Amino acid sequence: MNIYICVGSSCHIRGSYDIIQLFKEAIADHQLEEKVTLSAAFCLGKCTDGVTIKINDEVICGVSKENFLDIFQQKVLYYVNIG
């Protein structure tokens, strides 16, 4: 699984580096280092929609500290466990 987190200007201002840290911690906590690749992306083209991430081919907008856990469970844990 490949996860890209936008670190362009707009997403940076909205907290993309916090989201990167949350992903790093969650990936380590669930021992997914061998299954998940986390990368920064300069821009994912959704600048007005908050922190944007891309999981494989799915673009997800509006990621925040508040909804991170739900997104991680639904989009990462679910697919890693069925894959």
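Residues numbered from 1 in each chain as written. Predicted model: local features only at pLDDT ≥ 70, side-chain atom pairs only at ≥ 80, totals over all residues. Heavy atoms only, no water.

Caption draft 1: View of the overall build of the protein. Secondary structure assignment for the protein yields 3 helices and 4 strands. Along its sequence from the N terminus, the protein presents helices and strands in the succession β-α-α-β-β-β-α. Whereas a compact globule of 83 residues would reach a radius of gyration of roughly 12 Å, the protein reaches 12 Å, a difference of no more than 12%. Over its C-alpha atoms, taken along the principal directions, the protein stretches across nearly 30 × 20 × 20 Å. Looking at the 83 residues of the protein, the share that counts as buried comes to 36%. Taking contacts inside the protein between residues at least 6 apart in sequence as the whole, the part at least 24 apart equals 65%. Entry remark: accessible area of the protein is about 5,100 Å², with carbon and sulfur atoms responsible for 47%. Positive and negative charge centroids in the protein, built from 7 and 10 side chains respectively, lie 6 Å apart. (Helix = DSSP H or I, 4+ residues; strand = E, 2+ residues; numbered from the N terminus. Rg over C-alpha atoms; globule rule 2.2 N^0.38 Å. Buried < 20%, exposed > 50% of the residue type's maximum accessible area, 1.4 Å probe, protein only. Contact = heavy atoms within 4.5 Å. Areas by Shrake-Rupley, 256 points an atom, 1.4 Å probe, with all protein chains shown as cover. Lys, Arg positive; Asp, Glu negative; His and termini not counted. Charge placed at Lys NZ, Arg CZ, Asp CG, Glu CD.)

Caption draft 2: Just the packing of aromatic side chains, in detail. Tallying each qualifying case throughout the model produces 4 aromatic pairs. Relative to Tyr-79, the ring of Tyr-78 lies with its centre 5.0 Å away and its plane at 85°, an arrangement referred to as edge-to-face. Under the relative-accessibility criterion, Tyr-78 is labelled partly exposed at 47%. Classification of Tyr-79 as partly exposed rests on a relative accessible area of 42%. (Phe/Tyr/Trp six-rings, centres within 6.5 Å; stacked < 30°, edge-to-face > 60°.)

Caption draft 3: View of the pattern of salt bridges. Per the counting criterion, the structure on display carries 2 salt bridges. A salt bridge links Glu-58 to Lys-75, with the nearest nitrogen and oxygen atoms 2.9 Å apart. Taken together, the positions of Glu-58 in strand 4 (residues 58-63) and Lys-75 in helix 3 (residues 68-82) put the pair 17 residues apart, joining distant regions of the chain. (Salt bridge = Lys/Arg side-chain N within 4 Å of Asp/Glu carboxyl O.)

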